[in-house]
Amino acid sequence: MKKYSLLILLLCGIVCLAGCDKKESTEKVKTVDYTVVPSEDIPEDLLEIIEPRKEVPFQLTFSDQSYLYIIKGYGKQDTGGYNIVVNDFYQTKDGLYLDTELFGPAADETVDGRISYPYIVIKTELIDLPVTFSS
């Protein structure tokens with residue numbers, strides 16, 4: 001009987017430990033310089049990657065020989081007039097952290113009725129670290 005109790009206790013411990021997850025740190029180590037890339041300056045190769053994804057929210061990174069591009073898309077919106085703000089972009093001990101926010105048109109703002117696909121592309125130095133996007 002003691003053997004079964006010990007076995008059950010051991011199995012419960014294994015199950016509990018299997019559920020533990022290492023959480024990525026979002027503690028700022030240093031601020032990272034970046035540039036918001038205007039649509040006319042986005043590399044053609046990157047535009048070809050963005051275009052099929054823009055219907056739904058997406059996050060991706062892209063690098064060329066010189067820069068790291070970080071892209072956050074907010075999917076299909078019923079109108080234009082949306083703005084994306086970079087709240088923070090910095091390096092953590094685990095990688096890079098990007099916090100952006102989508103702002104819709106103000107209630108009193110006149111917007112066209114065209115569907116839009118807001119996304120932001122930021123460019124920074126070529127850093128070989130994973131990117132965490134804010135949720």
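Residues numbered from 1 in each chain as written. Predicted model: local features only at pLDDT ≥ 70, side-chain atom pairs only at ≥ 80, totals over all residues. Heavy atoms only, no water.

With that settled, the discussion passes to the nonpolar core. Ile70, Val86, Phe89, Leu96, Leu98 and Ile122 are the most contacted members of the largest nonpolar core, which has 14 residues in total. Mapped by element, the contributors of at least two residues to this core are strand 4 (67–74), strand 5 (83–91), strand 6 (96–103), strand 7 (119–125) and strand 8 (131–133). If we skip the residues at most four places from it in the chain, Phe89 touches Thr31, Val32, Asp33, Tyr34, Ile70, Leu96, Tyr97, Leu98, Ile122 and Thr124. Core analysis: the next-biggest nonpolar cluster, separate from the first, contains 10 residues, Ile42, Leu46, Phe62 and Ile71 among them. (Core = buried A, V, L, I, M, F, W, Y, C linked by side-chain atoms within 4.5 Å. Buried < 20%, exposed > 50% of the residue type's maximum accessible area, 1.4 Å probe, protein only. Helix = DSSP H or I, 4+ residues; strand = E, 2+ residues; numbered from the N terminus. Contact = heavy atoms within 4.5 Å.)

Moving on: the environment of Asp112. Tracing the backbone through its elements, the reader meets Asp112 in the loop between strand 6 and strand 7. Of the residues examined, Asp112 reaches a relative accessible area of 35% and is grouped as partly exposed. Spatially, the C-alpha atoms of Asp112 and Gly81 are 7.8 Å apart, while their sequence positions differ by 31 residues. Non-local contacts of Asp112, meaning those with residues more than four positions away in its chain, are made with Thr79 and Gly80.

Next up on the list: the pattern of salt bridges. Taken as a whole and assessed by the stated rule, the structure comprises two salt bridges. Of the charged contacts in the structure, one is a salt bridge between Lys28 and Asp88, with a shortest N-O distance of 3.6 Å. Separated by 60 residues along the polypeptide, Lys28 in the loop between helix 1 (2–18) and strand 1 (30–31) and Asp88 in strand 5 bring together distant segments of the chain. You can call Lys28 partly exposed: its relative accessible area is 41%. We classify Asp88 as partly exposed; its relative accessible area is 26%. Linking Glu51 and Lys54 is a salt bridge whose minimum nitrogen-to-oxygen distance equals 2.9 Å. Overall, the relative accessible area of 47% leaves Glu51 in the partly exposed class. (Salt bridge = Lys/Arg side-chain N within 4 Å of Asp/Glu carboxyl O.)

It is worth spelling out the packing of aromatic side chains at this point. Scanning all chains against the criterion turns up four aromatic pairs. Taking 6.0 Å as the distance between ring centres and 55 degrees as the angle between the ring planes, the aromatic pair formed by Phe62 and Tyr69 counts as tilted. Accessibility assignment for this pair places Phe62 and Tyr69 in one class, buried. Geometrically, the ring pair formed by Tyr90 and Tyr97 is tilted, given 5.1 Å between the ring centres and 35 degrees between the ring planes. For the residue pair Tyr90 and Tyr97, the accessibility class agrees, reading buried in each case. It is Lys123 that lies over the ring of Tyr67; its NZ or CZ is 4.4 Å from the centre. (Phe/Tyr/Trp six-rings, centres within 6.5 Å; stacked < 30°, edge-to-face > 60°. Lys NZ or Arg CZ within 6 Å of the ring centre and 35° of its normal.)

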